[in-house]
Amino acid sequence: MKSNDKVFWSIRLLLCFGLMLSSTSCLEKIDLEVPAGFGESLAIQARLVKGEPSIITMRVSQLFDFTAASLQPVNVREHFLVDEEGNKFELDELGNGLYQGILDDSSPIVVDYGRSYKLQVSTFDNRRYETTFETLYPVPKAEEIQTKMVVKDVVNLQGEYETREELQFLITTPVKNQSGNAGVLWELERTFKVTDTPVQSRVLPKSCYITETIGKGDIKVIDPTEVVSDKVVDFPLFETPIDYRFAQGFYFSAIQYSLSKGAFEYWNNVKQLLRRTGNMFEAPAGKIQTNFYNVDEPEDEIFGYFYVTEADTLHFGIDSLQLGPIATLCPPNTPPAPGGECPFILTCCNCLSQPRSTTVQPDFWKF
C-alpha cells in the first residue's frame, strides 16, 4: 500500500472525533502500518457557528498510528480565534482535547456575514498551527420537510432478505444565494418521548424527551453547481423503520449549514471516502485537504478542517395517532432481576439515564 493510500484511509479514523463535532464512536476499526514521518500527527476539527450567541467548538486529537485506539484527545497550549483585523478571542478549555468559546456583544470579535476568521493553535512541544481565513456566508433557509413510506429490501436476523416499510424524510430548500457560498451540509436529529416504568417502590413513572443524533456515518452535503435550479425539492435525508420512538410523539430535525468552497470540498471528499467499497473502478485514494498548516514546518502533516457557518433548523413532528397503534418501549418484556435491580432496558428504569434526555418539553414540541 502506498503512503498516500495510508493517509487517505486514516481520515476515516478522524471521523471518530471530528464528524460534525458530535460523533462519539468510530465507524469501524482499521489497522494499518504507520508510514514514516506520520507518527504523532495532530487532527483538529473546528467550527464557528453564527448565532445568539455565536459558538466556536474545537476538538484536538493526536494520531500515533492508524489504529482506532491510537486516536487520543490531546490538550494544546494556545487556542485563539482571530478575525481579519487581528482581534483575538481565546477559547475555553473544557478538557480531553475539547475547546469552546461563546461570543456575544462583549467579545473582541464580531461574528457577521462577509467577515473572515482563522484559528491559531500552539502545542506544548512548540508547534504552531494556523488556518487560512474562512468567510461567513448566510445559510439558505429551508422551506419544508415532507415524509413518505418506502419499501426496502433488508436482511433479517436469519440472514434472509425481506421487504420492510420505512418512513423517509425529504427536504425542500434553496442551496444557492448571492453571497457565493459553495455548499450546504446537514446534521440530523430525532427527538421522541418515552415514559419509564421504575422497578423501585414509591418511585413514580416520568416522561422524558430523548434526542439522538442520526446518520453519523452518512454525510449529507450537496453541491449547488450540480443543481439545475436554485433549490432541491424532496431531497432524501433519512429513512427509518416505525418503532417505539414513534409511540408517544416524534420530531425529526434537520440542521442546515452553509459552507465555503473549501469547507464544501472537504466534507464532500469525506463523504466520497465513506462510500468507497475498494473496487477497481473507484477513483484512486488521496489525502483529503485541510486548511491547517504548520507555520514553521510546512511539511508537517496535520488533519482536519476549520470552517465558519450559520445554522438553520427545521423541525417536523409526527403524532403517534397519524401512524396507528405502536408498541411502547416500556414496560419491557424482560422481568426485573432478583433484588429489584433494573431489567435489561435501562431506559425503562430511568429514562434520564440516556444521553441528551430531559423531562423538560422542548420548545418545538406541539403534541
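Quick caveat, the model's predicted, so the values are computed rather than measured. (Residues numbered from 1 in each chain as written. Predicted model: local features only at pLDDT ≥ 70, side-chain atom pairs only at ≥ 80, totals over all residues. Heavy atoms only, no water.)

A. Structural detail: the state of the cysteines. All chains considered together, the criterion is met by two disulfides. Two residues, Cys-208 and Cys-351, share a disulfide whose sulfurs are 2.0 Å apart. Because the sign of the S-S torsion sets the handedness, a value of about 65° for the bond joining Cys-208 and Cys-351 places this disulfide among the right-handed ones. Taken together, the residues Cys-208 in strand E14 (residues 207–214) and Cys-351 in the loop between helix H3 (346–349) and strand E20 (357–358) connect sequence positions 143 residues apart. In this structure, Cys-208 and Cys-351 share a single accessibility class: buried. (Disulfide = S-S within 2.5 Å. Helix = DSSP H or I, 4+ residues; strand = E, 2+ residues; numbered from the N terminus. Buried < 20%, exposed > 50% of the residue type's maximum accessible area, 1.4 Å probe, protein only.)

B. Main features of the packing of aromatic side chains. On inspection of all chains with the given rule, the structure shows 15 aromatic pairs. Taken together, a centroid distance of 5.6 Å and an interplanar angle of 80° make the contact between Trp-365 and Phe-367 edge-to-face. Put simply, the rings of Phe-169, Phe-238, Phe-246, Phe-250, Phe-252 and Phe-316 pair up and form one aromatic cluster. A cation over a ring is seen here: Arg-47 above Tyr-257, with NZ or CZ 4.6 Å from the ring centre. The cationic tip of Lys-88 hangs over the ring face of Phe-80; the distance from NZ or CZ to the ring centre is 5.1 Å. (Phe/Tyr/Trp six-rings, centres within 6.5 Å; stacked < 30°, edge-to-face > 60°. Lys NZ or Arg CZ within 6 Å of the ring centre and 35° of its normal.)

C. Looking closely at the pairing of strand E8 (residues 116–122). The element E8 is largely enclosed, with a buried count of seven among its seven residues. Covered by surrounding structure in E8 are Ser-116, Lys-118, Gln-120 and Ser-122 together with Tyr-117, Leu-119 and Val-121, the residues of both alternating faces. Here strand E4 (residues 78–83) runs beside E8; their pairing, made up of six bridges, is antiparallel. Bridged to Val-82 within E8 is Lys-118. Where E8 meets strand E10 (residues 134–135), two bridges bridge the pair, whose relative direction is antiparallel. Looking across to E10, one finds that Tyr-117 is bridged to Glu-134. Of the pairings in the sheet, the one linking E8 to strand E9 (residues 128–131) comprises three bridges and is antiparallel in character. (Pairing = 2+ DSSP bridges.)

D. A nonpolar patch on the surface, seen in detail. Judged by side-chain polarity, Met-149, Ile-242 and Leu-323 come together as a nonpolar surface patch covering roughly 210 Å² of accessible area. Topologically, Leu-323 is positioned in the loop between strand E19 (302–318) and H3. (Patch = residues over 30% accessible without salt bridge, like charges linked within 9 Å, V, L, I, M, F, W, Y side chains within 5 Å. Areas by Shrake-Rupley, 256 points an atom, 1.4 Å probe, with all protein chains shown as cover. Salt bridge = Lys/Arg side-chain N within 4 Å of Asp/Glu carboxyl O.)

E. Region of the structure containing the sheet that holds strand E12 (residues 161–174). Reading across the sheet, the three strands line up as E11-E12-E16 and stay open at both edges, with antiparallel pairing between neighbours. Looking at the sheet topology across the chains shown, the edges are occupied by strand E11 (144–155) and strand E16 (231–240). Going from strand to strand, the sheet's axes swing by 30° on average, the running direction of each strand aside. (Axes fitted to C-alpha atoms, helices over the stretch in contact; angles between N-to-C directions.)

F. Molecular detail of the pattern of salt bridges. This model, assessed by the stated rule, comprises 17 salt bridges. The closest approach of N and O atoms between Arg-115 and Asp-83, which form a salt bridge, is 3.7 Å. Residue Arg-115 is located in the loop between strand E7 (98–103) and E8, and its partner Asp-83 is located in strand E4; the two are separated by 32 residues in the primary sequence. Taken as a pair, Arg-115 and Asp-83 share a single burial class, namely buried. With a shortest N-O distance of 3.7 Å, Lys-141 and Glu-310 are connected by a salt bridge. You can see Lys-141 sitting in the loop between E10 and E11 and its partner Glu-310 sitting in strand E19, a full 169 residues away along the chain. With relative accessibility at 46%, the residue Lys-141 sits in the partly exposed group. You can call Glu-310 buried: its relative accessible area is 8%. If you follow the salt bridges from partner to partner, you end up with Arg-190, Glu-212, Asp-243 and Arg-245 in one network.

G. Looking closely at the confidence of the model for the chain. This prediction gives the chain a mean pLDDT of 83; 80% of its residues lie at or above 70. Across the chain, the element-wise mean pLDDT spans from 44 in helix H1 (residues 3–18) up to 98 in E20. The low-confidence segment residues 1–38 (pLDDT under 50) makes 96 contacts with residues lying over four places distant or belonging to another chain. (pLDDT = per-residue confidence, 0-100. Contact = heavy atoms within 4.5 Å.)

H. Main features of the nonpolar core. Counting 29 residues, the largest nonpolar core has Phe-169, Trp-186, Leu-188, Phe-252 and Ala-254 as the members making the most contacts within it. Among the secondary structure elements, those contributing two or more residues to this core are E12, strand E13 (183–195), E14, E16, strand E17 (250–259) and E19. Here this core gets five residues from one element, more than from any other, and that element is E13. The contact partners of Phe-169, leaving out residues within four places of it in the chain, are Ile-145, Gln-146, Thr-147, Phe-235, Pro-236, Leu-237, Phe-238, Thr-240, Phe-250, Phe-252, Phe-316 and Ile-318. (Core = buried A, V, L, I, M, F, W, Y, C linked by side-chain atoms within 4.5 Å.)

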